[in-house]
Amino acid sequence: MARFIDELKRSHRCGELRLDHVGQEVVLFGWVHTYRDLGGCVFIDLRDREGITQVVFEPQVNADTHKVADTLRKEWVIGVRGKVRDRGTMRNPKMDTGDIEVTGVELMIFNQSPTPPFEIEDDPRTNEELRLQYRFLDLRRPRVQKLFKLRHNVAQATRRYFDEHGFLEIETPMIVKYTPGGARNFIVPSRLHAGQFYALAESPQLYKQMLMVSGFDRYFQIVKCFRDEDLRIDRQPEFTQIDVEMSFINQDDLFGMIEGLMVNIFKAGLGVDLTERYPGGKFPRLDFYEAMEKYGSDKPDLRFALEHTDLTAITVEHEGGGIPFFGDVAQKFKNGEYRLDLPEAIIKALVIPASAGFSRADVDAFETVVKQNGGKGLARAKVAPDGTWTQSPFKKWATDAYREAVNAQTGAQPGDTILFQVGPEARVHVIMANLRVHIAKKMGLIPETGSGGDWNLSWVVAPPIFEREEDGGWAAAHHAFTRPYDEDLDLIENDPGKVRCYRYDLVLNGFEIGGGSIRLHDPEVQARVFNTLGLDGEEAERLFGFLLKALRYGAPPHGGIALGLDRIAMLLGETNSIRDVVSFPKTQKATDLLTDCPDPVSDDQLADVHIRTVIPKKD
RNA sequence: GCGGUGGUAGUUAAGUUGGUUAUAACGCCGGCCUGUCACGCCGGAGGCCGCGGGUUCGAGUCCCGUCCACCGCGCCA
């Protein structure tokens, strides 16, 4: 019978003890955070997931215990029995438990530890590669443990909220049929069916729609999803969605339900009351086209303005305004090669106010951002007191009329600098959107990372249902089962690019934290959508037959959304990396440095699943 | 697939025009110390300069290749 664990049970967590506990005998378990050996007495900061308590070992209390305490080193795991004592004049106001200490009477060393490769401290001075190799140590950092507690609180608030609103949590398969389109799937070979494959679910999308047909009415699930795509700072190959679907609702009903969820999540995660900022808990809605025009992004950060100005129309009007390259573009619009309503190329501007106080060199540096986003360069013009342009490649070209028109359109004042981008629409938008955020950070309008205490939520609504493919055909901008706006139905055949749909994204401080749609349950409209996509009935049947069949058997009107739990935890946790809120994350090349994965498997294992590998040779 | 940044003691970094034995701080080890809490003081150990080629009398430094990590573009309905 071991003395500690079997007889002496943990009485408190480290971080819990206060002046109220003075005089009590306590038993604490934890890791040695630091030790300070003063010769006569030994101080230990003992750490568990709830905090740190100072334990002092003195020879006059127990000479044997003191002798053992003398050998303790960082990250050893110990148990301590002792008495809580008021520190009196020696209190430490920097510690939550700084008013008290525990005098160690009895001590047990459960396990020693080698010197850790980096120190367990909040400020991670060590590079991430090493921290991921020792993720079990990295996770001991108090700040990281707080993030996981936050994530837990968000998840629990979600479950409570949906339960209270009559939702059922239903699990759906992860090993699923491969369906084309969208993200690349991880594939899973079948042992029982030679040469055939499952896919790992990229989302429960199709299943949750079938659950609506089944009559479950309100469904949610906190569920892992898998996508075999390249990673970013806010993307992991496996990630967690709060997946939701509802029947007999419209877009407003769905928004109301999710707004309520977000209010609960913020309350549980941060203690923040969103209804103070958004009376009635309603988030503003931003039209997709307006978002693209003003911010070049379908997930704009609305904590600051710095809006873009589209100069395409006035440039065409001024036939390029005397600027050679603009003239070429304007000509293509004139002769009908480009269309203003579906532009191949656009010209956009962004005004940096004089008050930003940027030097010429500062503005030069913005060109790096442009190039990083695939742009060629960054033309600019500083507005002189008389309205003319200086520091500009356009200085000698631009006609007075064009210059004045641009100044007026952008609202640029003397001292301001106008930045220009011209090129394919999507490229210009990416460049200008990233430039806008970059400049806002440099101007101090938003912090480099984190919210700055500013939680700006909005819905981005009414995007087009179709987007043009390179071959001139049409593809589903999101998925083929999104309900178009009734008033746009006539355009499905005539002008597909203009058909808006009930698709929506929830955006928080420039991050898409969720997206969904009202589903198309009318078979007649569905057929027309397929037709525009170039899918005949047979082809559609082959690809989505199981869903189409289900929808024929009495599908209720329904719609839903999926929220990114990782991203929500990341943002509420004021960290800029999704890896900080994933317990065992993958690197940017999708490897796990801790377990060294992926890994080759044996020929026997491959034979079991009827697979032969072909490794590409490098030349 | 493409572009950018980085890789030097356990860790974080410095390292000049290519030139003697590659520095510092923290950590680690040993000693002293009964009120520390970034404890202090004294002493010590610790290096395949990511890896492989090349140039050179001589390479951490220059050139070529390669690997790893990070950031972005493409991609992610």
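The structure this text deals with has already been given above.
Described below are features of the structure shown in this document. No experiment lies behind these values; they were computed from the predicted model shown. (Residues numbered from 1 in each chain as written. Chains lettered and ligands numbered in written order. Predicted model: local features only at pLDDT ≥ 70, side-chain atom pairs only at ≥ 80, totals over all residues. Heavy atoms only, no water.)

### Considering the overall build of chain A
And step 1. For chain A, the count of helices and strands is 18 helices and 23 strands.
And step 2. Counting all 619 residues of chain A, 49% fall into the buried class.
And step 3. Put simply, 67% of the contacts in chain A that link residues at least 6 apart link residues at least 24 apart.
And step 4. Of the accessible surface of chain A, which amounts to about 30800 Å², a share of 50% is contributed by carbon and sulfur atoms.
And step 5. Distance between charge centres in chain A, computed from 77 positive and 94 negative side chains, equals 4 Å. (Helix = DSSP H or I, 4+ residues; strand = E, 2+ residues; numbered from the N terminus. Buried < 20%, exposed > 50% of the residue type's maximum accessible area, 1.4 Å probe, protein only. Contact = heavy atoms within 4.5 Å. Areas by Shrake-Rupley, 256 points an atom, 1.4 Å probe, with all protein chains shown as cover. Lys, Arg positive; Asp, Glu negative; His and termini not counted. Charge placed at Lys NZ, Arg CZ, Asp CG, Glu CD.)

### Topic: a negative patch on the surface
And step 1. Together, Glu467, Glu469, Glu470 and Asp471 make up a negatively charged patch on the protein surface.
And step 2. Positionally, Glu470 belongs in the loop between β19 (466-468) and β20 (474-476).
And step 3. When its relative accessible area of 85% is taken as the criterion, Glu470 is described as exposed. (Patch = residues over 30% accessible without salt bridge, like charges linked within 9 Å, V, L, I, M, F, W, Y side chains within 5 Å. Salt bridge = Lys/Arg side-chain N within 4 Å of Asp/Glu carboxyl O.)

### Let's talk about the nonpolar core
Within soluble globular proteins, side chains that are nonpolar tend to cluster in buried spots.
And step 1. Counting residues in each nonpolar core, the largest one holds 48 residues, and the members touching the most others are Phe162, Val244, Ile258, Met262, Leu457, Trp459 and Leu506.
And step 2. For this core, the element with the most residues is helix α6 (residues 251-270), which contributes nine residues.
And step 3. In contact with Val244, not counting residues within four places along its chain, are Phe162, Phe167, Lys208, Tyr219, Phe220, Ile258, Gly560 and Ile561.
And step 4. Counting residues in hydrophobic clusters, the runner-up holds 26 residues, among them Ile492, Phe544, Leu551 and Ala555. (Core = buried A, V, L, I, M, F, W, Y, C linked by side-chain atoms within 4.5 Å.)

### Description of the environment of Arg159
And step 1. Tracing the backbone through its elements, the reader meets Arg159 in helix α4 (residues 142-164).
And step 2. The exposure class assigned to Arg159 is partly exposed, which follows from its relative accessible area of 29%.
And step 3. C-alpha of Arg159 to C-alpha of Pro463: the two residues are 304 residues apart in sequence and 30 Å apart in space.
And step 4. Ignoring anything within four residues of it in the chain, the contact list for Arg159 reads Glu169, Phe220 and Ile222.

### Quick notes on the protein's contact with RNA strand B
And step 1. Neighbouring residues of RNA strand B: 55 residues in total, closest Asp37, Glu129, Ala477, His478 and His479.
And step 2. In RNA strand B, atoms within 4 Å of the protein come from the sugar-phosphate backbone in 58% of cases.
And step 3. The side chain of Gln372 places a nitrogen or oxygen atom 3.4 Å from a base nitrogen of RNA strand B.
And step 4. Here the residues of the surface near RNA strand B sort into 15 nonpolar, 18 polar and 22 charged. (Near = heavy atom within 4 Å. Polar contact = N/O pair within 3.5 Å; in protein donor to acceptor, adjacent residues only side chain to side chain. Nonpolar A, V, L, I, M, F, W, Y, C, P; charged D, E, K, R; others polar.)

### Regarding the packing of α4 against α6
And step 1. Contact pair α4 / α6: the axes reach a minimum separation of 8 Å and the direction vectors enclose 140°. Classed by the angle they form, the pair α4 and α6 counts as oblique. Note that α4 runs across α6; the crossing there is right-handed. Taken together, the residues of α6 that come into contact with α4 (itself represented by Leu150, Asn153, Val154, Ala157, Thr158, Arg160, Tyr161 and Phe162) are Gly256, Met257, Ile258, Gly260, Leu261, Asn264, Ile265, Ala268, Gly269 and Leu270. (Axes fitted to C-alpha atoms, helices over the stretch in contact; angles between N-to-C directions. Parallel < 35°, antiparallel > 145°, perpendicular 65-115°, else oblique. Left-handed = near helix turned anticlockwise from the far one by under 90°.)

### Some remarks on the layout of surface pockets
And step 1. Estimated volume of the second largest pocket: approximately 790 Å³.
And step 2. Lining of the second largest pocket is provided by 22 residues; of these, Phe186, Ile187, Pro189, Pro598 and Asp599 occupy positions nearest its centre.
And step 3. Mapped by element, the contributors of at least two residues to the lining of the second largest pocket are β8 (187-189) and β9 (197-200).
And step 4. Counting residues per element, the lining of the second largest pocket draws most heavily on β8, which supplies three residues.
And step 5. Here the residues of the lining of the second largest pocket sort into 16 nonpolar, one polar and five charged. (1 Å grid on protein atoms, 1.4 Å probe; cavity = no way out; pocket = protein on both sides within 12 Å on 5 of 7 lines; lining within 4 Å. Points joined across faces, edges and corners; volume = space filled by probe spheres on them.)

### A closer look at the pairing of strand β3 (residues 51-57)
And step 1. By the criterion of burial, β3 is predominantly enclosed, with six of the seven residues buried.
And step 2. Sheet analysis places strand β2 (residues 42-48) next to β3, joined by seven bridges and oriented antiparallel. Bridge pairing in β3 places Asp45 opposite Gln54.
And step 3. What sits between β2 and β3 in their antiparallel hairpin is a turn of two residues.
And step 4. Sheet topology places β3 next to strand β5 (residues 100-111); two bridges connect them, and they run parallel. Paired with Val56 across the two strands is Thr103, which belongs to β5. (Pairing = 2+ DSSP bridges.)

### Re the sheet that holds β8
And step 1. Strand order in this open sheet of three strands is β7-β9-β8, and the pairing throughout is antiparallel. One side of each edge strand has no neighbouring strand; the edge strands of this open sheet are β7 (175-176) and β8.
And step 2. Bridging between β8 and β9 involves three bridges; their strand directions are antiparallel. When the sheet's bridge partners are listed, Val188 is paired in β9 with Tyr198.

### A few points about a nonpolar patch on the surface
And step 1. Where nonpolar side chains cluster on the molecular surface, the patch consists of Met174, Ile175 and Tyr198 and spans about 270 Å² of accessible area.
And step 2. For Met174, the position within the fold is in the loop between β6 (168-169) and β7.

### Concerning the pattern of salt bridges
And step 1. Throughout the structure, instances matching the rule amount to 45 salt bridges.
And step 2. Among the salt bridges present, the one from Glu101 reaches Arg85, with a minimum N-O distance of 3.0 Å. Taken together, the positions of Glu101 in strand β5 and Arg85 in strand β4 (residues 77-86) put the pair 16 residues apart, joining distant regions of the chain.
And step 3. Residue Arg85 is classed as partly exposed on the basis of its relative accessible area, which comes to 30%.
And step 4. Across the pair Arg91 and Asp86 runs a salt bridge, and its minimum N-O distance is 3.1 Å.
And step 5. Take Arg91: its relative accessible area is 37%, and that puts it in the partly exposed class.
And step 6. Classification of Asp86 as partly exposed rests on a relative accessible area of 33%.
And step 7. Connected through shared salt-bridge partners, Arg3, Glu7, Glu25, Arg81 and Glu106 make up one network.

### Observations concerning the side chain of Ser392
And step 1. Structurally, the position occupied by Ser392 is in the loop between β16 (389-390) and α12 (400-410).
And step 2. Here the side chain of Ser392 touches Arg380 through a polar contact of 2.7 Å, landing on its backbone oxygen.
And step 3. Reaching out from Ser392, the side chain makes a polar contact with the backbone nitrogen of Phe394 at a distance of 3.0 Å.
And step 4. Beyond its immediate sequence surroundings of up to four residues, Ser392 is in contact with Arg380 and Ala381.

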